Amino acid sequence: MANASLDPPDVPAAEDLPVATSGQAAGAGAALTAESEVVDLCRDLLRFESVNRGNGDGHERPIAEFVAEKLAEVGLEPVLLESAPGRTSVVTRLAGSDPSRSPLLIHGHLDVVPADPTDWRVHPFAGEELDGCLWGRGAIDMKDMDAMTLAVVRDMARSGRRPPRDLVVAFVADEEAGGTLGARWLVDNHPDHFADCTEAISEVGGFSYTVSDDLRLYLIETAEKGIAWMKLTVAGRAGHGSMLSEDNAVTKLCEAVARLGRHQFPIVVTPTVRVFLDSIGEALGIELDAGDIESTIAKLGPIARMVGATIRNTVNPTQLAAGHKVNVIPGEATAYVDGRYLPGQEEEFLRQVDELLGPEVRREWVVNDQALETGFDGPLVEAMASALRAEDPAARAVPYMLSGGTDAKSFSRLGIRCFGFSPLLLPPDLDFAGMFHGVDERVPVDALRFGVRVLDRFLASS
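A brief look at the structure comes next.

## Points about the overall build of the protein
Counting its secondary structure elements, the protein contains 13 helices and 20 strands. Taken over C-alpha atoms, the radius of gyration comes to 23 Å for the protein, in line with the 23 Å a tight globule of 462 residues would show. In terms of overall dimensions, the protein has C-alpha extents of about 80 × 60 × 45 Å along its principal axes. Put simply, the protein has 462 residues, and 56% of those count as buried. Once local pairs closer than 6 in sequence are excluded, the contacts in the protein between residues at least 24 apart make up 80%. Across the protein, 42 positive and 71 negative side-chain charges occur, with their mean positions spaced 2 Å apart.

## Brief notes about the sheet that holds strand β5 (residues 129-130)
Spatially, the three strands line up as an open sheet ordered β5-β6-β20, and their pairing is antiparallel. Two strands in the sheet have a free side with no partner beyond their single neighbour: β5 and β20 (442-444). Sheet topology places strand β6 (residues 133-135) next to β20; three bridges connect them, and they run antiparallel. Residue pairing across strands places Trp135 opposite Arg442, the latter belonging to β20.

## What to know about the pattern of salt bridges
One pass over the full model with this rule turns up 35 salt bridges. Two residues, Arg43 and Asp40, come together in a salt bridge whose shortest N-O distance is 2.7 Å. With Arg43 and Asp40 both in helix α1 (residues 34-46), this residue pair falls three residues apart, about one helical turn. A residue is classified by how much of its surface remains accessible, and Arg43, at 15% relative accessible area, is buried. Of the residues examined, Asp40 reaches a relative accessible area of 22% and is grouped as partly exposed. Through salt bridges with shared partners, a single ionic network connects Glu37, Glu73, Arg154, Asp155, Arg158, Arg161 and Asp456.

## Some thoughts on the packing of aromatic side chains
This model, assessed by the stated rule, comprises nine aromatic pairs. Here the aromatic rings of Tyr218 and Phe450 are separated by 6.1 Å at their centres, their planes lie at 20°, and the arrangement is stacked. Taken as a pair, Tyr218 in strand β10 (residues 215-224) and Phe450 in helix α13 (residues 445-461) lie far apart in primary sequence, 232 residues in all. On the basis of relative accessible area, Tyr218 is assigned to the buried category, the value being 0%.

## Here's the deal with unusual backbone geometry
If a residue is not glycine, its phi is most likely negative; likewise, a peptide bond is most likely trans. A cis amide bond links Asp141 to the next residue, Met142, at an omega of -10°. On the secondary structure map, Met142 appears in the loop between β6 and α3 (143-159). One non-glycine residue, Asp131, lies in the positive phi region at around 55°. Within the fold, Asp131 resides in the loop between β5 and β6. The phi torsion at His437 lies on the positive side, around 65°, for a residue other than glycine. Inspection of the secondary structure assignment puts His437 in the loop between α12 (432-435) and β20. Relative accessible area serves as the criterion here: at 43%, His437 is assigned to the partly exposed category.

## So, the nonpolar core
Judged by nonpolar contacts, the single largest core of 91 residues is most densely connected at Phe207, Leu219, Phe276, Leu300, Phe458 and Leu459. When sequence neighbours within four positions are dropped, the list of residues in contact with Phe207 reads Leu217, Tyr218, Leu219, Met306, Tyr400, Ser422, Leu424, Leu426 and Phe432. Counting 22 residues, the second-largest nonpolar core is a separate cluster that includes Met230, Ala249, Leu253 and Val257.

## Some points on the environment of Ile286
Mapped onto the elements, Ile286 comes out in the loop between α6 (271-284) and α7 (293-298). A relative accessible area of 22% places Ile286 in the partly exposed class. Remark: the alpha-carbon pair of Ile286 and Pro85, spanning 201 residues in sequence, is separated by 54 Å. With sequence-adjacent residues up to four places away left out, Ile286 is seen in contact with Gly281, Thr296 and Lys299.

## Some points on the sheet that holds strand β16 (residues 361-369)
Spatial ordering of the open sheet is given by β13-β15-β11-β16, a layout of four strands whose pairing is antiparallel. Looking along the sheet, the strands with just one partner apiece sit at the ends: β13 (314-322) and β16. Along the sheet, successive strands turn relative to each other by an average axial angle of 20°, direction set aside. Where strand β11 (residues 226-235) meets strand β15 (residues 332-341), 10 bridges bridge the pair, whose relative direction is antiparallel. In the strand pairing of β15, Met230 is matched with Val337. Here helix α9 (residues 346-357) sits on the sheet in contact with β11, β13, β15 and β16, set at roughly 155° to β16.

Quick notes on the rules
Residues numbered from 1 in each chain as written. Predicted model: local features only at pLDDT ≥ 70, side-chain atom pairs only at ≥ 80, totals over all residues. Heavy atoms only, no water. Helix = DSSP H or I, 4+ residues; strand = E, 2+ residues; numbered from the N terminus. Rg over C-alpha atoms; globule rule 2.2 N^0.38 Å. Buried < 20%, exposed > 50% of the residue type's maximum accessible area, 1.4 Å probe, protein only. Contact = heavy atoms within 4.5 Å. Lys, Arg positive; Asp, Glu negative; His and termini not counted. Charge placed at Lys NZ, Arg CZ, Asp CG, Glu CD. Pairing = 2+ DSSP bridges. Salt bridge = Lys/Arg side-chain N within 4 Å of Asp/Glu carboxyl O. Phe/Tyr/Trp six-rings, centres within 6.5 Å; stacked < 30°, edge-to-face > 60°. Core = buried A, V, L, I, M, F, W, Y, C linked by side-chain atoms within 4.5 Å. Axes fitted to C-alpha atoms, helices over the stretch in contact; angles between N-to-C directions.

Structure, rendered in structure tokens:
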């Protein structure tokens, strides 16, 4: 097993990696299938506390070593790459039957956001199965897709089945903090692993939205908003808390942040969102009112929050900091805000932000990453739709825009056309959008098995 790291110690060879916890011993793979082991693999992944707290504070190495062991177990040659101690990613390649074709990239992140066990019904890192679901931080963001990918790739390698073209598979670090130490670092420092890839699939796409018993829309991500994470700083006159203060940094900052947080940016409908809304309107039998698009979105139930954020730019204040003592007026106050802008809207978005903040607020970038949008066409899209219909005759694939961001932002810099395709057949009453970074995150075990079947069909035909 190859290793490239900025810092010692060396990553161990495959035979020295941790033993699988799912009870699937090496050599016993002949009896396994992707569908039979995906739940165990997902459970194992959920039990790794691969928490990313931001500011470089994360540790993906143990879970990366586990993934590498599972890949090596079936004869693949994973490469472990470290951007910093413990910030480990895994890349491997499965040879296809036609070497003249460009490879397909499948990428997934191994890190998760923090979770407070006191808020959850079950411990967020127990990987417990309850009510037909696997519960845990990362269950849908995105260790479910990691497990499905691992299961299908293992099955192909174990059985000797070759996909039509090479598959480049990457399990990466640091996505939850913008990918600086994960996908972006790989693209900047090891582009040779992906240089010949022209298309990619990853998270937050291919999930079902039930219209009726005989119609389910499967949302394929073809666009995502840009990321504008910003630090805002205001200076003022420091002094004693008992005296009059006409130059209070905290007051000025709070006023500016309130203006920004309460502002509603104008509606802008991009091509992806237009096609999605037309598809939704047709499926629901609703005539889309161009002057009142929000009324259509409001009828979508739990996914309305996600879709509603794709018709305008947004900014949400997330952190405030100032002072060190109750009777001391601080000379500086800071805030952090999470901004997201639509494709083609970055310049106008920043103009409006600066106008709202005013001249006394200094704005600095924490993360600024591009918005993406591609068409809903071509053989890869057709293969997605076909694989979904084969497993669910009620399936209809439609494009949509993700309100958040993914590692597609990094891989697209290499000219790769990126899609979100992590297929899941979900219960109609499951608040899927609310699971992302939420309490009691979980994925139905039947959805995992469905996803494996769809993914296998898709990879075998694309």
